[in-house]
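Here is what each chain is made of, one letter per residue.
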Amino acid sequence: MEELSVHSREEKNVEEIARRFVPYGGRKKSPLGFYLAMDLSPIQKDLASKCYSAVADTCDDLMLKLASRGIRYQDEWPFAIHLLGHVFANDLNSARFLWKSIPLEIKESRPEIVAVWKIGQCLWTRDYAGVYDAIRGFDWSAEITAMVVAFSENYTKKMFQMLNSAYSTISVTDVAHFLGMSEDRAIDYALQHGWKLDSSCKMVIVKKPKTVTERKLDPSKLQRLTEYVFHLEH
Amino acid sequence: MESVEVLVAHIQGLFRSSDEVSQLHSLLKQSEDALRSHADRLVPFLSQIDPSIHTLGYLFLLEAYSSESISREETSGFLLSVVEFINSCSTEQIRLAPEKFISVCKIFKDQVMQLGVPMQGIAPMRMAIRKLQTSTEQLTTLHSDYLLLCLLAKCYKAGLSILDDDIFEVDHLRDHFLYCYYGGMINIGLKRFEKALECLHNAVTAPMTTLNAIAVEAYKKYILVSLILNGQVPSFPKYTSSAALRNLKSYTQPYVDLANSYARGKSSELEACVQTNQEKFQSDSNLGLVKQVLSSLYKHNIQRLTQTYLTLSLQDIANVAQLNSPKEAEMRVLQMIQDGEIFATINQKDGMVSFHEDPEQYKTCGMTEHIDFSIQRLMVLSKKLSSLDEHLSCDPTYLSKIGKERQRFDFDEFDSVPHKFMQRAYLFIRKGSPNGVVRHCPQTILSSSIMIVLEKRVTMRR
């Protein structure tokens, strides 16, 4: 289905000329006339099913498809969700490039996009506590709130894992700083996960969890080993 | 105009059998000049032909139309029709006239760039590459155009789907240079430095009789990425062309100086070197990479400490790595642990860092899968190399070169013949001019990864 969107008077001329390139079978226009209703349902599906890690790829593909039709998608495109998708997948490079490509007028008129970018920026500069401030410092709209909450929980867990692997002892203030919680809540969180508190010097002793790794063998491995030996012999 | 109408009627009357298509193909080739003379009036005819069924006819008309310069107002309409054509065209018919298809795609890319909307070209170009390729291992002329569009539109991730294919067939060497250089740039943008190093390495060591600008730029980035990743720049491998060996360093002097300064390990000296050459780095658009090189010096200095010490205080780390305070050292070590560049634990109570060995035991399921996958790839590569071996040894030009020296071999030397055979084959590839090799060995696989394995076999059998 070929559809063109026309947003301004200059572009009406383009529409007239483009009409000459009528594709085979004629052009089908949307019943609403000139304004195109962009089909954002794949993104909404991902949000509804909470597949937040897939949001970035869905957004990328849809954006390229719309761009290839010459459609001016920027005004109605959900940049905030797109940016947050990249941040969620920890793909800060793509988030940066996307931010650079957003037109200035859109950045100025939609503060939510700037707020999402603030989170990305703090992650990029490794301002660990700044991420929490950025998350809490904005009144998120309804469609993005669930995703922000999910990201926040994920981030706290990741921070905790990082502390687990990097520290053997760490001060309570720093734990609170990295986890974005008050000192008491941070102590509770740490004690819940098996850490010990040395209250004399306000240090927490880290206990590394036992990691269980899979090591089972199965018969297909034998087949593969046979193939390798055969290959090496010949 | 009449001839065009007659032609269009022919095209529409086609019923898809292969004789009719080849008949139509010869008819179209004969009518090329007629089409071009009516280039500006072809537009209404385009709407009468269905591109999915009458691909070949549509392609010839489109190519004739685009060969003349397109007016500004018609550009967006032209772009849309090319996009629709690429999406719906039939692959078999495209492959009958690949040069025309490539020509249309190139003009499409030029128009998209001129109009300042590179993003519009990405999805169609990707589809065009997939339709033009006979297999995912073939490098087409469109690969480098696609990567260029991804770079301009800043959609770096989109380039990965094409970059991750292993290439074994190269038709034109120039495509290879551009593909490797742009591929390197995309990988650098996504911080995949190992892959970037591979791409740039291929660009620098590809066969060339005279130095070209692409190889020079690739070498500049190669030096910077090697420093970021490994802290040193490796020397040229044996299969590098002599043109590159002799001349590359003289064209990239500021970067060579930077590498030498890096090797001495003092960040103040490195910063001074960057300051002196700042304009050159700026004009090559490499200043961002140079800054990354600077910050990587701290990392490599800290990494070197792990080879000497089991535990070290944060204050000592700060002193050795020329950082400002123990707190800054702690943050740096934390970042390195997070990125997996170092294995250590920080003890804030005593202000000490203990360094550990890599805890990977290579026993887990995931790791075994990874190893299996790598072995499978190597087996495929090895099979391809054997078939390359056989092809080369049957090639007439190669045999005539060998034949001149046949009197040097007698029965006593029979055992060593395969080794000398391989050595000659290797020299043959190295000394042959790019066009010469392509002309004489059209089936030959030219990828440098094959050349690396080739090189290794020579040394193995020695």
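Look up a bit, the structure's there.
What you see is a predicted model, and the numbers here were worked out from it, not measured in a lab.

### Here's the deal with the overall build of chain A
No. 1: Looking only at helices and strands, one finds 12 helices and three strands in chain A.
No. 2: A buried classification covers 47% of the 234 residues belonging to chain A.
No. 3: As displayed, chain A offers around 13,300 Å² of accessible surface, 56% of which is attributable to carbon and sulfur atoms.

### So, the interface of chain B and chain A
No. 1: If you look at the interface, chain B gives 55 residues, while chain A gives 53 residues.
No. 2: Roughly 4,600 Å² is buried in total at the junction of chain B and chain A, and carbon and sulfur atoms are behind 59% of that figure.
No. 3: Here chain B and chain A share eight salt bridges between them.
No. 4: Put simply, Arg224(A) and Asp372(B) hold a salt bridge, and the shortest N to O gap is 2.3 Å.
No. 5: The tally of links from chain B across to chain A stands at 16 residue pairs in polar contact (both at pLDDT 80 or more).
No. 6: Contributing elements (two or more residues each) for the side of chain B that touches chain A: α6 (72-88), α9 (118-132), α11 (156-163), α21 (326-338), β4 (344-347) and α22 (365-394) of chain B.
No. 7: In the side of chain B that touches chain A, the residues fall into 23 nonpolar, 17 polar and 15 charged.

### As for helix α16 (residues 253-264) of chain B
All names here are of chain B.
No. 1: Taking 1.5 Å per residue as the helical rise, α16 with its 12 residues ought to reach 16 Å, and the 17 Å between its terminal C-alpha atoms agrees with that figure.
No. 2: Within the sequence span of α16, burial applies to Pro-254, Tyr-255, Val-256, Leu-258, Ala-259, Ser-261 and Tyr-262.
No. 3: Residues of α16 that are buried make contact with α14 (213-230), α15 (242-251), α17 (267-276), α18 (278-283) and α19 (287-305).
No. 4: Once α16 ends, the next one or two residues include Gly-265, with phi positive near 80°.

### A closer look at helix α12 (residues 173-189) of chain B
For an α-helix the count is 3.6 residues per turn, leaving residues at separations of three or four pointing the same way.
No. 1: Look at α12(B): 25 Å from first C-alpha to last across 17 residues, which is about the 24 Å you get at 1.5 Å a residue.
No. 2: Summarising burial for α12(B): 15 of the 17 residues are buried, a large majority.

### Some details on the pairing of strand β1 (residues 167-171) of chain A
No. 1: The buried count for β1(A) comes to four of five residues, which makes it a mostly enclosed element.
No. 2: Summarising the sheet, β1(A) and β4(B) pair through two bridges and their orientation is parallel. Paired with Thr169(A) across the strands is Asn347(B), a residue of β4(B).

### A closer look at the packing of aromatic side chains
Two aromatic rings, taken as a pair, are described by how far apart their centres are and by the angle between their planes.
No. 1: In this structure the tally under the stated criterion is 18 aromatic pairs over all chains.
No. 2: When the centroid spacing of 5.7 Å and the interplanar angle of 55° are considered together, the rings of Tyr52(A) and Phe88(A) count as tilted. A residue pair is termed long-range when its members are at least 10 positions apart, and Tyr52(A) in helix α3 (residues 52-68) and Phe88(A) in helix α4 (residues 79-88) qualify at 36 residues. As far as burial versus exposure is concerned, Tyr52(A) and Phe88(A) are alike and both buried.
No. 3: Geometrically, the ring pair formed by Trp99(A) and Trp117(A) is stacked, given 5.2 Å between the ring centres and 10° between the ring planes. Here Trp99(A) is found in helix α5 (residues 92-101), whereas its partner Trp117(A) is found in helix α7 (residues 111-124), with 18 residues between them in sequence.
No. 4: Taken together, the ring pairs in this structure connect Tyr52(A), Phe88(A), Tyr132(A), Phe151(A) and Tyr155(A) into an aromatic cluster.
No. 5: Just above the ring of Tyr298(B) sits the side chain of Arg332(B); from NZ or CZ to the centre is 4.5 Å.

### Brief notes about the sheet that holds strand β3 (residues 311-313) of chain B
In a beta sheet, neighbouring strands are held together by backbone hydrogen bonds and run either parallel or antiparallel to one another.
No. 1: A sheet is described by the order of its strands in space; here six strands give the open sequence β2(A)-β3(A)-β1(A)-β4(B)-β5(B)-β3(B), paired in mixed fashion. Looking at the sheet topology across the chains shown, the edges are occupied by β2 (196-198) of chain A together with β3 of chain B. Each strand axis lies, on average, 25° off the axis of its neighbour in the sheet, ignoring direction.
No. 2: Across three bridges, β1(A) lies against strand β3 (residues 203-205) of chain A in antiparallel orientation. When the sheet's bridge partners are listed, Thr169(A) is paired in β3(A) with Ile205(A).
No. 3: Most of the contacts of helix α9 (residues 142-166) of chain A go to β1(A), to which it runs at about 115°, and overall it touches β1 of chain A together with β4 of chain B.

### So, the nonpolar core
Soluble, globular proteins show a tendency: their nonpolar side chains are buried together.
No. 1: In terms of nonpolar packing, the biggest core is built from 194 residues, with Trp77(A) and Ile122(B) touching the most fellow members.
No. 2: Residue contributions to this core reach at least three from each of two domains, namely domain 2 (47-157) and domain 3 (167-214) of chain A.

### Quick word on the side chain of Thr55(B)
No. 1: Here Thr55(B) lies in helix α5 (residues 55-67).
No. 2: Discounting chain neighbours no more than four positions away, the residues touching Thr55(B) are Asp50(B), Phe85(B), Cys89(B), Ser90(B), Gln93(B) and Ile94(B).

### With respect to the environment of Val204(A)
Residues and elements named next belong to chain A.
No. 1: Relative to the elements of secondary structure, Val-204 occurs in strand β3.
No. 2: Classification of Val-204 by relative accessible area gives buried; the value is 5%.
No. 3: Separated by 95 residues in sequence, Val-204 and Ser-109 have C-alpha atoms that sit 46 Å apart.
No. 4: Residue contacts for Val-204: discarding those within four places in its chain leaves Ser-168, Thr-169, Ile-170, Val-172, Val-175, Ala-190, Trp-195, Lys-196 and Leu-197.

### Here's the deal with the pattern of salt bridges
No. 1: According to the stated counting rule, one finds 26 salt bridges over all chains in the structure shown.
No. 2: Note that Asp145(B) and Lys109(B) form a salt bridge whose closest N and O atoms lie 3.4 Å from each other. Taken as a pair, Asp145(B) in helix α10 (residues 142-153) and Lys109(B) in helix α8 (residues 98-115) lie far apart in primary sequence, 36 residues in all. Accessibility classification places Asp145(B) together with Lys109(B) in one group, the buried group.
No. 3: Residue Glu330(B) is joined to Lys327(B) by a salt bridge in which the shortest nitrogen-to-oxygen separation is 3.6 Å. Placement of both Glu330(B) and Lys327(B) in helix α21 is noted, with a separation of three residues, approximately one turn of the helix.
No. 4: Judged by its relative accessible area of 5%, Glu330(B) falls in the buried class.
No. 5: Through salt bridges with shared partners, a single ionic network connects Asp57(A), Asp60(A), Asp91(A) and Lys157(B).

About the thresholds
Residues numbered from 1 in each chain as written. Chains lettered and ligands numbered in written order. Predicted model: local features only at pLDDT ≥ 70, side-chain atom pairs only at ≥ 80, totals over all residues. Heavy atoms only, no water. Helix = DSSP H or I, 4+ residues; strand = E, 2+ residues; numbered from the N terminus. Buried < 20%, exposed > 50% of the residue type's maximum accessible area, 1.4 Å probe, protein only. Areas by Shrake-Rupley, 256 points an atom, 1.4 Å probe, with all protein chains shown as cover. Contact = heavy atoms within 4.5 Å. Buried area = accessible area lost by both parts, 1.4 Å probe. Salt bridge = Lys/Arg side-chain N within 4 Å of Asp/Glu carboxyl O. Polar contact = N/O pair within 3.5 Å; in protein donor to acceptor, adjacent residues only side chain to side chain. Nonpolar A, V, L, I, M, F, W, Y, C, P; charged D, E, K, R; others polar. Expected span 1.5 Å × (residues − 1). Pairing = 2+ DSSP bridges. Phe/Tyr/Trp six-rings, centres within 6.5 Å; stacked < 30°, edge-to-face > 60°. Lys NZ or Arg CZ within 6 Å of the ring centre and 35° of its normal. Axes fitted to C-alpha atoms, helices over the stretch in contact; angles between N-to-C directions. Core = buried A, V, L, I, M, F, W, Y, C linked by side-chain atoms within 4.5 Å. Domains from an automatic or database assignment.

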